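Chain residues, written in single-letter form:
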Amino acid sequence: MSTHQFIRILKKYWETLLTMAIAGALLGLAVSAAMPVKYQANIQLLILQRYAFARDAYTASKSIEYLSNVFGTAIYSQNFIDEVLKSGYRIDNTFSPNPEKRKKQWKNIVNAKVSRDTGTMTIAVVHRSPDQAQQISEAIFTILSTKGDEYHGEGDRVKIQVLDSPSLAQYPAQPNV
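(A) How the structure looks around the overall build of the protein. From N to C terminus, the protein includes six helices and four strands. Looking at the 177 residues of the protein, the share that counts as buried comes to 33%. Put simply, of all contacts in the protein between residues at least 6 apart along the chain, 73% involve residues at least 24 apart. Put simply, the protein shows about 11,100 Å² of open surface, and 56% of that area lies on carbon and sulfur atoms.

(B) Spatial organisation of the packing of helix α3 (residues 78-85) against helix α5 (residues 130-147). Following both chains from N to C, one finds α3 and α5 inclined at 115 degrees, their axes separated by 9 Å at the closest point. Our classification of the angle between α3 and α5 gives roughly perpendicular. As α3 packs across α5, the resulting crossing turns out to be right-handed. The residues of α5 that touch α3, namely those facing Phe80, Glu83 and Val84, are Ala139, Ile140, Ile143, Leu144 and Lys147. Split into classes, the residues belonging to the contact of α3 with α5 amount to six nonpolar, no polar and two charged.

(C) Summary view of the side chain of serine 68. Within the secondary structure, serine 68 sits in helix α2 (residues 57-74). Those residues in contact with serine 68, other than ones at most four positions away along the chain, are Ile47, Val114 and Gly119.

(D) Fine view of the layout of surface pockets. Here the largest pocket defines a volume of roughly 220 Å³. Along the wall of the largest pocket there are 13 residues; nearest its centre are Thr94, Ile109, Val126, His127 and Arg128. At three residues, the largest contribution of residues to the lining of the largest pocket is made by helix α4 (residues 99-109). For the lining of the largest pocket, the class distribution of residues is five nonpolar, five polar and three charged.

(E) Molecular detail of the nonpolar core. Counting residues in each nonpolar core, the largest one holds 31 residues, and the members touching the most others are Trp106, Ile123, Ile140 and Leu144. Mapped onto this core, the elements with two or more residues apiece are β1 (39-49), α2, α3, α4, β2 (110-115), β3 (120-127), α5 and β4 (158-168). Per element, the largest residue contribution to this core is six residues, and it comes from α5. Apart from the residues within four sequence positions on either side, tryptophan 106 is in contact with Ile75, Tyr76, Phe80, Ile81, Val84, Phe95, Ile136 and Ile140.

(F) Quick look at the pairing of β1. Here eight bridges tie β1 to β3, and the two strands are oriented antiparallel to one another. For leucine 46, the partnering residue across the bridge sits in β3 and is threonine 120. In this sheet, β4 lies alongside β1 in antiparallel orientation, the contact comprising eight bridges. By the bridge assignment for β4, leucine 48 is matched with lysine 159.

(G) Layout of the pattern of salt bridges. By the definition in use, this model includes four salt bridges. As a salt-bridge pair, aspartate 131 and arginine 90 come within 3.0 Å of each other at their nearest N and O atoms. With aspartate 131 in helix α5 and arginine 90 in the loop between α3 and α4, the pair connects residues that are 41 residues apart, well separated along the chain. For aspartate 131, a relative accessible area of 34% corresponds to the partly exposed category.

The rules behind each value
Residues numbered from 1 in each chain as written. Predicted model: local features only at pLDDT ≥ 70, side-chain atom pairs only at ≥ 80, totals over all residues. Heavy atoms only, no water. Helix = DSSP H or I, 4+ residues; strand = E, 2+ residues; numbered from the N terminus. Buried < 20%, exposed > 50% of the residue type's maximum accessible area, 1.4 Å probe, protein only. Contact = heavy atoms within 4.5 Å. Areas by Shrake-Rupley, 256 points an atom, 1.4 Å probe, with all protein chains shown as cover. Axes fitted to C-alpha atoms, helices over the stretch in contact; angles between N-to-C directions. Parallel < 35°, antiparallel > 145°, perpendicular 65-115°, else oblique. Left-handed = near helix turned anticlockwise from the far one by under 90°. Nonpolar A, V, L, I, M, F, W, Y, C, P; charged D, E, K, R; others polar. 1 Å grid on protein atoms, 1.4 Å probe; cavity = no way out; pocket = protein on both sides within 12 Å on 5 of 7 lines; lining within 4 Å. Points joined across faces, edges and corners; volume = space filled by probe spheres on them. Core = buried A, V, L, I, M, F, W, Y, C linked by side-chain atoms within 4.5 Å. Pairing = 2+ DSSP bridges. Salt bridge = Lys/Arg side-chain N within 4 Å of Asp/Glu carboxyl O.

Okay, structure coming up:
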């Protein structure tokens, strides 16, 4: 098809193309408006191990990577979820009593990303209520910092340091329009 033929077809069907483009934009706007608004609170943590550098650098790096993975996995455990819910923060316990459904609900709210190279962990909490997102993220940090040794077994040789304290995003995280 040549450029001349393409332009001729565009001129012939421009009204149809414009109608379809407007209909698509309106449909996208309607879907975005129908989606529930969710807010995100983020916290970034640094996992430190005392005496890690007394060993060679590779072993120290692998040890911190291992600990980061342990914490990243522990956040989704039933025990951890229960600790967060009874932490004393104002968290609405709207979670299912069924452990499997509760874990699924938790995974839809909490997202932990571990940076294996640096020993940092970023936790994002997404919730319909901005207050709940903030409360859950603060409770997660409190449990990790006060009861973290229950999950790693290294005792006082491991410390969790806050790089970025729990902060609520200024605008809704979802829908992202």
